[in-house]
Structures are given as C-alpha cells and as structure tokens.
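# Analysis of the macromolecular model
Chain by chain, the residues:
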Amino acid sequence: MVKHTDKLATNILEYDKYYHKIKNHSHLFQEYRNLWEKASSFEVETSFPIQIEFELSNACNFRCGFCPYSFPKNKLPKGFDIPKKDKIMSFELFKKIIDEGSEKGLMAIELGYNTEPLIFKKLIDCIKYAKQKNIIDIRMSTNGLKLTKEISALLIESGLTHLNVSFDAFSEETFLKTRASKHYKKVLQNALNFLEIRNNLGNKLPLMRVSFIVTEENKHEKNSFVKFWKDRADLIAVQSLISYDNTPENLQNSGNERQKDIVYNCHQPWTRLAIRSNGDIKPCCSIPGMAFSKVNLSETTITNYWNSKEMKELRNILKVGEGYKNSVCKKCIESIENKNN
C-alpha cells in the first residue's frame, strides 16, 4: 500500500487507490511522486520547482466565510488584493511560465490557487497547452458551481489529470454557512455528473478529489461526508483550517486540538511556487504567504528565483525547524490546527 505522508494540514484518504490509477496513466508519474516525497521530506533540493500553482484570476464567484474574498477590503490579509488591471493573468504569461517549466523539469501545475478557475475564459486552452508541453500532472480545484456537463466533458477531453471539488459540508444548511451558497444540491449533482461522464467516456482521468475543511460550523458532518464519498470519489481530503488575519473566530477550532510543541518546518518552498495573476512569485501557496516580498516575473525568471540565496535560506530554516526566524512562516505555521510535523 502506498501512503501519503502529510507534511502540513491535510489528511488524505484513499491515496493508495489514487496513486495506482494515475501511475498506470504515465510511467513518469511514479518518478514525479517519488521526487515529491523526497523533496517534501527535505532529502532533495531540486533545481526547479516540481509544481507551480497559478492564480489565473484574482477573483472568485463564492464568498466562503473562511476565505478573504468574503472579507471587507480593509480587513484583507496582507498582499491578498491585486489592482483591478492585473486581476486576470494573460495567456501569454501562462505560456511563458509553462515554456520555461517544460525545459527545466516542471512536473505538475495547479490551476485553482486562490481563484475559481472555471471563471477564467482560457482555462481549457491552458490545460491543452500544458499537456502539449508534457506536464505530467495537471490539477485544478473548483467550487463546482460552474461544473456543467458541457464543461465536464471539455475538462475530461483536454488533458486534466486531477479535479478537486471543495464542499466543506454535507447538507444544504451547512453549505450555506460555510460557502455562503444555496447551491449545495447543484454542486453535488455537478460532481456526480462529472464522474458519470468520465466513466461513460471510458476515461480513468481526471481523477476526482473532494475536500472538506474542518471548522466549528461543519465538523459534525465530517464523518458523513467521508462515508458518502468513500466509494464514489478517487480521493478524499480532510483539511485543517489555516487561519489568517481577520479569520472569523466562530470558524476557528476551540484550541484544545492545537499542537502544543510546534516544530517550525514546512515543505512548500521545497516543492512548489505560486504565481499571482500579475506575475508576482510567492514561495508557497498559503494565504499568509502572500505577505512575502514582491518579486515579479518581469524582473527575473522562475529558475533564478528558485535558486536565489533568499529561497535557499528559506528552505534551510524550514528544514531544520527554524521557520520562526521568518515572520511570515512563523505566523502561518502557528495558525494551523493539528499540524503533523
């Protein structure tokens, strides 16, 4: 059995089933996941990020209570908002990043970083371009509202390998609380339709993961959620809440589950980078990480940024458990419930 080693705040269920399905799709997948495990265990420092996360647009069509998109503008976490003129990533910038990555060994991309990718008009073009450039794992996270049958078919045929649908609820009532949406039944049906369409087409990919971020408002539904999806989804993710400035107190766990002896390490700058819609580069994909100093792709390359003195120093302190020496990392690590070090 292949197990997923959690390095942050996510409990992955059914990982063995997921791993073997996608391993059979590409002989390179096992090489990619083995490298990921080594890098996230601080055993290997790669010369280029294994994964790049794309903020295709600094926008979302949901207003989930735990997400800054629901916060008043004067209470947004540092670095979260982007000027209106830069809120949509150009397709040319996307291709530039993929071009560099395909030459340097990029293995995976995530198209749902801090955004709802289904509102990005060139999403299918992005997936097709990444596939054309031989990216092994093309991933996307969505709230599922716009996951129509037509869009599902396009995603399946375009080359997407991994679709995550975020629920954070197992009832209309809780969905309204956590996601500020009355469309629980629609999202549920969209997800089930996606699986049906994929299976009817005879495709094994994209694999579908469903996710549940545990808060005080929904924790009573966690077990029912897992039971329902266990024999339907390919992968289930039960995640701890990473809180940040102005996260509503009623969503945060009471504190009795918080780890007392924190080890200040993190694998994110060892495995990935995040690229904002305006081309800003961030060394991780967390919301608190948006507070890192601005470095833009108009000034440098991904290769140079990844191998810079600053990134190497950041990776080192996070490897040896001294993340507290960086104020952004310290704040983020301390906010995570049930952190598995």
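Scroll up to find the structure.
To keep things clear, this report deals only with the structure shown in the data block. Since we're looking at a predicted model, the values are computed, not measured.

Cut-off values and rules
Residues numbered from 1 in each chain as written. Predicted model: local features only at pLDDT ≥ 70, side-chain atom pairs only at ≥ 80, totals over all residues. Heavy atoms only, no water. Helix = DSSP H or I, 4+ residues; strand = E, 2+ residues; numbered from the N terminus. Phe/Tyr/Trp six-rings, centres within 6.5 Å; stacked < 30°, edge-to-face > 60°. Buried < 20%, exposed > 50% of the residue type's maximum accessible area, 1.4 Å probe, protein only. Core = buried A, V, L, I, M, F, W, Y, C linked by side-chain atoms within 4.5 Å. 1 Å grid on protein atoms, 1.4 Å probe; cavity = no way out; pocket = protein on both sides within 12 Å on 5 of 7 lines; lining within 4 Å. Points joined across faces, edges and corners; volume = space filled by probe spheres on them. Nonpolar A, V, L, I, M, F, W, Y, C, P; charged D, E, K, R; others polar.

## Section: the environment of P77
Inspection of the secondary structure assignment puts P77 in the loop between β2 (51-54) and α3 (91-104). On a C-alpha basis, the gap between P77 and I287 in space is 7.5 Å, while along the polypeptide they are 210 residues apart.

## What about the packing of aromatic side chains?
Taken as a whole and assessed by the stated rule, the structure comprises 15 aromatic pairs. Ring centres of F91 and Y129 lie 6.3 Å apart, and the angle between their planes is 75 degrees; on these two criteria the pair is classed as edge-to-face. Of this pair, F91 sits in helix α3 while Y129 sits in helix α4 (residues 123-132); the two residues are 38 residues apart in sequence, bridging distant segments of the chain. The pair F91 / Y129 is uniform in exposure class, with both members buried. Between the aromatic rings of F167 and Y184, the centroid separation amounts to 6.3 Å while the plane-to-plane angle is 70 degrees, which identifies the pairing as edge-to-face. One end of the pair, F167, is in the loop between β5 (162-166) and α6 (172-179); the other, Y184, is in helix α7 (residues 184-200), and 17 residues separate them in sequence. Judged by relative accessible area, which is 0%, F167 ranks as buried. Among the aromatic side chains, those forming a connected cluster through ring pairs are F62, F167, F170, F175, Y184, F212, F225, F228 and W229.

## Section: unusual backbone geometry
The step from L205 to P206 runs through a cis peptide bond, and the omega angle for that step is 0 degrees. One can find P206 in the loop between α7 and β6 (207-214). For A180, which is not glycine, the phi torsion reads 50 degrees and is therefore positive. Along the chain, A180 turns up in the loop between α6 and α7.

## Some details on the nonpolar core
Counting 84 residues, the largest nonpolar core has F54, F94, I109, L111, F167 and W229 as its most contacted members. Element by element, the count of residues in this core is highest for α7, at seven residues. Judged by nonpolar contacts, the second largest core, of eight residues, contains F29, M107, A108 and I136.

## Concerning the layout of surface pockets
Counted as a void, the largest pocket has a volume near 340 Å³. Along the wall of the largest pocket there are 14 residues; nearest its centre are F292, Y305, E310, M311 and L314. At five residues, helix α11 (residues 309-319) tops the list of elements feeding residues into the lining of the largest pocket. When grouped by side-chain class, the residues that make up the lining of the largest pocket number seven nonpolar, five polar and two charged.

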